[in-house]
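Each chain, written out:
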Amino acid sequence: MSPWLLSLDVVSVLLFVALGRGTHNEEGTIEGIVVTAAPFLIALCVGWLITRAWHAPTSLRVGVGVLATTIVGGMLLRHFVFDEGTAISFMIVATLFLSACLLGWRALAGVIARRRTAAAAP
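Presented here is a report on the structure given in the accompanying data block. Everything numeric in this text was worked out from a predicted model, so none of it was measured.

## A short note on the overall build of the protein
Okay, step 1: A count of helical and extended segments in the protein gives four helices and zero strands.
Okay, step 2: Starting at the N terminus and ending at the C terminus, the protein contains elements arranged as α-α-α-α.
Okay, step 3: Expressed as a percentage of the 122 residues in the protein, the buried residues total 34%.
Okay, step 4: A separation threshold of at least 6 residues defines the contact pool for the protein, and within that pool the share at least 24 residues apart is 70%.
Okay, step 5: Carbon and sulfur atoms provide 71% of the accessible area of the protein, an area that totals close to 7,400 Å².
Okay, step 6: Separation between the mean location of the 8 positive side-chain charges and that of the 6 negative ones in the protein comes to 24 Å.

Pasting the structure below:
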């Protein structure tokens, strides 16, 4: 089940990049999206490793760790390794969007799990 849930995080990062590139009238090519997303995807994978997210991928606590690693690591990689910009406005938008996505699906999963548990209780 974890690979499927990891894909939700990956899609969140790719959606963030695709929408951002579209907003700035940059080409929406696969290559452009992958290159722009690379630092965040690398940091996302590191976040999954650090938090051992596969043990509790829907946990909000795990989500916060994955989010923090993705944002901080992604920005550091973007600036120092990929030599791209990290303007304050970009950091704010990235944090807000990725928070909504990376924590949003986990919160929804928690609600669904609680409802299922309540419905199954005698």
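## Examining the layout of surface pockets
Okay, step 1: For the largest pocket, the calculated volume is near 460 Å³.
Okay, step 2: Around the largest pocket, the lining is made up of 21 residues, and of these Gly-20, Arg-21, His-24, Arg-78 and Phe-90 lie nearest the centre.
Okay, step 3: Where the lining of the largest pocket is concerned, the elements lending two or more residues are α1 (2–23), α2 (30–51) and α4 (88–120).
Okay, step 4: Counting residues per element, the lining of the largest pocket draws most heavily on α1, which supplies six residues.
Okay, step 5: Of the residues in the lining of the largest pocket, the class split is 10 nonpolar, seven polar and four charged.

Reading the values: the criteria
Residues numbered from 1 in each chain as written. Predicted model: local features only at pLDDT ≥ 70, side-chain atom pairs only at ≥ 80, totals over all residues. Heavy atoms only, no water. Helix = DSSP H or I, 4+ residues; strand = E, 2+ residues; numbered from the N terminus. Buried < 20%, exposed > 50% of the residue type's maximum accessible area, 1.4 Å probe, protein only. Contact = heavy atoms within 4.5 Å. Areas by Shrake-Rupley, 256 points an atom, 1.4 Å probe, with all protein chains shown as cover. Lys, Arg positive; Asp, Glu negative; His and termini not counted. Charge placed at Lys NZ, Arg CZ, Asp CG, Glu CD. 1 Å grid on protein atoms, 1.4 Å probe; cavity = no way out; pocket = protein on both sides within 12 Å on 5 of 7 lines; lining within 4 Å. Points joined across faces, edges and corners; volume = space filled by probe spheres on them. Nonpolar A, V, L, I, M, F, W, Y, C, P; charged D, E, K, R; others polar.

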